[in-house]
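Fold and contact review
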Amino acid sequence: MPGSPPPFRVALMITEKCDAACAHCWFDCDPIKGATMSRYDAQNYVDKASRIPSIEWISLTGGEPMLHADLVEDLVAYASDQGIKTELVTNCSWAATPKNAFYFLRKLSDAGLTVLNISVDNFHQATIPFERVKITYEVAKSLGIRIVVMTALSKSSKLRLADVSRLLGEEIPPPREAIPSEHAAIGIESGFTPVGRGATISRSEWHIDGSPLTGGCGAVLRDLGVRPSGEVLPCCSASSTLRGFELGNLDNQSLERMLTDAWGRDVFKVLSEKGPMGLLKTQPQDVYVNKCHLCYETLKKLQ
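Remember, predicted model here, so these are calculated numbers, not experimental data. (Residues numbered from 1 in each chain as written. Predicted model: local features only at pLDDT ≥ 70, side-chain atom pairs only at ≥ 80, totals over all residues. Heavy atoms only, no water.)

A few words on the overall build of the protein chain. Across its full length, the protein chain holds eight helices and nine strands. Since a compact globule built from 303 residues should have a radius of gyration of about 19 Å, the 19 Å found for the protein chain is in line with a globular shape. Within the span of the protein chain, comprising 303 residues, buried residues form 51% of the whole. Pairs at least 24 apart in sequence give 71% of the contacts found in the protein chain among residues at least 6 apart. Accessible surface, the protein chain as shown: approximately 13600 Å² in total, 52% of it carbon and sulfur. Charge separation in the protein chain, taken as the distance between the mean sites of 32 positive and 35 negative side-chain charges, equals 4 Å. (Helix = DSSP H or I, 4+ residues; strand = E, 2+ residues; numbered from the N terminus. Rg over C-alpha atoms; globule rule 2.2 N^0.38 Å. Buried < 20%, exposed > 50% of the residue type's maximum accessible area, 1.4 Å probe, protein only. Contact = heavy atoms within 4.5 Å. Areas by Shrake-Rupley, 256 points an atom, 1.4 Å probe, with all protein chains shown as cover. Lys, Arg positive; Asp, Glu negative; His and termini not counted. Charge placed at Lys NZ, Arg CZ, Asp CG, Glu CD.)

So, in structure tokens, the structure goes:
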């Protein structure tokens, strides 16, 4: 991969099952789906990621990873022992009481968890009581775990990052404004991407965040995803749900080989250098929530 931007993170989608079926979920996760990584496979994927020096992070995501809490703890410890930072993405449904939250988060902290990424917005809080978010936040803060709050927006969202800050009782600034010594968490809010289950949400609810549609993509072939099947995705955005753009399968290929082959494909070169606008022959004729949305719709036409 000489001259290519190196990967920095691999997100293991350890399960497709989720105890919430959020209206905006582009992976269509729900309580019925059951595909889950085995401990053996997941450790093998961590091993293969660790062979690439630039990969600093393993993110454990889903679905809801904490439906398999023992596996999460094992993988945090396994990756940490190899010097890799770890992130857990969760909806906090498991934190019914402070005692529950402390039990799980203390184990994860001892295993080496670097960051807790909490999903909190009107989509998640349709089924997950906000109190569980608050419990998780306060316990994680007490244990010194770094926190990221992720908020997906629709046009009529009542629960924005400022509201989350108010309900938690302290400021949660965006990354560019955060001072580590003063803030326990950073917050990121963006419009939901109308893909998967999210495609059924009315266009009148699209939250256009005003971010530029131009410019190269810093995530493609750098922020990778892995399905429970071992299938490697070129990014962790909605575009990764499209068939035909997978890189291969970690069960029978090395990640280095996959990335070398992928950088030989024009579509990924263009996305990295110019973004989805580089794949278009004309200016976009429709409205797009953000660059990831434009990328999805553009790649969909290339399938």
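What follows concerns the pattern of salt bridges. Scanning all chains against the criterion turns up 15 salt bridges. Here Arg257 and Asp261 are joined by a salt bridge, their closest N and O atoms 2.8 Å apart. Of this pair, Arg257 and Asp261 both sit in helix H6 (residues 255-263), separated by four residues, roughly a single helical turn. Using a relative accessible area of 44% as the deciding quantity, one classes Arg257 as partly exposed. (Salt bridge = Lys/Arg side-chain N within 4 Å of Asp/Glu carboxyl O.)

A separate point is the state of the cysteines. For the structure on display, the rule yields zero disulfides. In this structure Cys29 is a free cysteine whose sulfur lies 4.3 Å from that of Cys25, the closest cysteine sulfur available. Of all cysteine sulfurs, the one in Cys217 lies closest to Cys292, which takes part in no disulfide; the gap is 6.5 Å. Of the residues examined, Cys292 reaches a relative accessible area of 35% and is grouped as partly exposed. (Disulfide = S-S within 2.5 Å.)

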